[in-house]
Amino acid sequence: MKKSASGSKAPRRARANALPGQPLGDPSAQAATSDRILISAAQLFATHGFAHTSMPAIAKRSGITPGAIYRHFESKAQLLVEVVRYALATLPTSVRVLEPAQLDASDLPEFAASYTTPEYKLIRQLSLEIHDAGSRAHDAMALLSKVNEEAARVISRSVSAAQKSGTVDPNLDPDFAALFLQVTIMGLAHLDTLRPDLIGSRAWHDFILDRVSALLGFRRPTDPDSDSDRDPCSSNEAEFDPD
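Residues numbered from 1 in each chain as written. Predicted model: local features only at pLDDT ≥ 70, side-chain atom pairs only at ≥ 80, totals over all residues. Heavy atoms only, no water.

**Regarding helix 8 (residues 174-188)**
For clarity, the threshold we go by: Helix and strand labels come from DSSP, where a helix needs a run of H or I of at least four residues and a strand needs a run of E of at least two; each type is numbered from the N terminus. Expected span of a helix, by definition, is 1.5 Å for each gap between consecutive residues, and there is one gap fewer than residues. Each residue gets one of three labels from its accessible area relative to the maximum for its type: buried under 20%, exposed over 50%, partly exposed in between, using a 1.4 Å probe on protein chains only. To obtain the arc, one takes the directions from the helix axis to the C-beta atoms. Pairs of N or O atoms within 3.5 Å make up the polar contacts considered here, provided that, within protein, one atom can donate a hydrogen while the other can accept it, and that residues adjacent in sequence are counted only when both atoms are side-chain atoms.
The end-to-end C-alpha separation of helix 8 is 21 Å, in line with the 21 Å expected for 15 residues at 1.5 Å each. Residues of helix 8 that are buried: Pro174, Ala177, Ala178, Leu181, Thr184, Ile185 and Leu188. Seen end-on, helix 8 carries its buried residues on one side only, within an arc spanning 130°. Exposed and oriented more than 90 degrees from the buried face of helix 8 are Asp175, Phe176 and Val183. Between the side-chain oxygen of the N-cap and the backbone nitrogen of Asp175 there are 2.9 Å, and the N-cap of helix 8 in question is Asp173.

This is the structure:
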C-alpha cells in the first residue's frame, strides 16, 4: 500500500473482482436458474423500469415458469434488491460494500469514483430504479431501508477501523462519512441525465476520487499523467480507461 507524504494510506485504485458470477449479458442456458433470473431481471428493470416489469415477464426471459420464480425470490422488490447486489458483485472493479470482511476504507474513494465510468451504467440505472421502487411500494421501501442501513453500518465500521489504525482523520464522524458517501453515489447515479458527457472522463473520475479521499483524510499520490487539475467539464477531456 502506497502512502502519501503525510504518512496516511493512499486510496486504492480499482482492484480485480475475485468473486465468481455470471456477467450481466444475455443469460446462458448453462447458468444456474437463480443467475438466469437475476440477469434477465436486471435487463428488464433497466430497460422498462421496475413498475413496468412483471414477474411473469422475467420468468419467461429466464426460461422458467411464472410459478417457479417464486421458489427463488419472494417478491419483485426482493428480486430488485438482489439484482443490485448481483450486479455489484459481477463488476470487475466492484468494492464489496456489503461485506465487512472485504471492505477497507481506502477502497471507498475509488468505489465512488467508479460511478463515473461507462462500466457502471447498469448500476447507475438500477440505483435509480430501486429508489423509485421504494417510493411506490411499501415492501420495496422496507427492503431498501434495510440495505441502506446495512451498507451505512459497514462503511461506518470501515472508517472507524481506519481511524483506529491512524490512516483516516480521527475527528471524522464515521456515520456522517457513510451518509456522505451514499448521498454522493446517489447523485452520481443521475450522471447519465445530468452530464452524460462526463461519463468516462478521467478528470471527472479523479475529481470525485480526490474529493472523497480528502473527506476521509486520504491524499492520492501525484500522478504525472493525471488530468485531475484540468476542468472536468471541458469538452476536450480524454476518456477514462479502466485499464
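**With respect to the packing of helix 6 (residues 121-136) against helix 7 (residues 138-164)**
Let me state the cut-off plainly: Fitted lines through C-alpha atoms give the axes, limited to the stretch in contact for helices. The angle between two N-to-C directions lies from 0 to 180 degrees. To sort the angles, those under 35 degrees are grouped as roughly parallel, those over 145 as roughly antiparallel, those from 65 to 115 as roughly perpendicular, and the leftovers as oblique. If you view the pair so one helix is near and one far, a crossing is left-handed when the near helix is turned anticlockwise from the far one by less than a right angle, and right-handed when it is turned clockwise. Any two residues having at least one pair of non-hydrogen atoms within 4.5 Å are treated as being in contact. By the convention adopted, Pro, Cys, Tyr, Trp, Phe, Met, Ile, Leu, Val and Ala count as nonpolar, Lys, Arg, Asp and Glu as charged, and the other residues, Gly among them, as polar.
At a minimum axis distance of 6 Å, the contact between helix 6 and helix 7 shows a crossing angle of 130°. The orientation of helix 6 with respect to helix 7, classified from their angle, is oblique. When you trace helix 6 past helix 7, the crossing you get is left-handed. Contacts between helix 6 and helix 7 involve Ile130, His131, Ala133, Gly134, Ser135 and Arg136 on the former and, on the latter, His138, Ala140, Met141, Leu144 and Asn148. Split into classes, the residues belonging to the contact of helix 6 with helix 7 amount to five nonpolar, five polar and one charged.

**Brief notes about the environment of Ala57**
Within the element layout of this structure, Ala57 appears in helix 2 (residues 55-62). Note on Ala57: relative accessible area 32%, which makes it partly exposed. Distance in space between the C-alpha atoms of Ala57 and Leu44 is 8.4 Å, their sequence separation being 13 residues.

**Digging into helix 7**
In this model, helix 7 (27 residues) spans 39 Å end to end at C-alpha, consistent with the 39 Å of a helix rising 1.5 Å per residue. Buried within helix 7 are the following residues: Ala140, Leu144, Val147, Ala151, Val154, Ile155, Ser156, Ser158, Val159, Ala162 and Gln163. Two residues or fewer past helix 7, Gly166 is found with a positive phi of approximately 80°.

**Notes on the nonpolar core**
Using the following cut-off: Only buried Ala, Val, Leu, Ile, Met, Phe, Trp, Tyr and Cys residues count toward a nonpolar core, and they belong to the same one when joined by side-chain atoms within 4.5 Å.
In this structure, Phe45, Ile58 and Leu79 are the most contacted members of the largest nonpolar core, which totals 59 residues. Looking at this core, the element that brings in the most residues is helix 4 (residues 76-90), giving nine residues. Filtering out sequence-adjacent residues up to four positions away, Ile58 remains in contact with Ile37, Ser40, Ala41, Leu44, Phe45, Thr53, Ile69 and Leu79.

**Focus on the pattern of salt bridges**
For the record, the criterion: The salt bridge criterion pairs a side-chain nitrogen of Lys or Arg with a carboxyl oxygen of Asp or Glu, the two atoms within 4 Å.
Tallied over the entire structure, the rule returns three salt bridges. A salt bridge links Arg202 to Asp206; the nearest nitrogen and oxygen atoms lie 3.4 Å apart. With a gap of four residues between them, Arg202 and Asp206 both fall in helix 10 (residues 202-216), about one helical turn apart.

**Digging into the side chain of Arg36**
What counts here: In this tally Asp and Glu are treated as negative and Lys and Arg as positive; neither His nor the chain ends contributes.
With respect to the element layout, Arg36 can be found in helix 1 (residues 33-48). Buried and unpaired, Arg36 has no salt bridge, with Asp35 as the nearest side chain of opposite charge at 8.8 Å. Only 2.9 Å separates the side chain of Arg36 from the backbone oxygen of Ser62, close enough to count as a polar contact.

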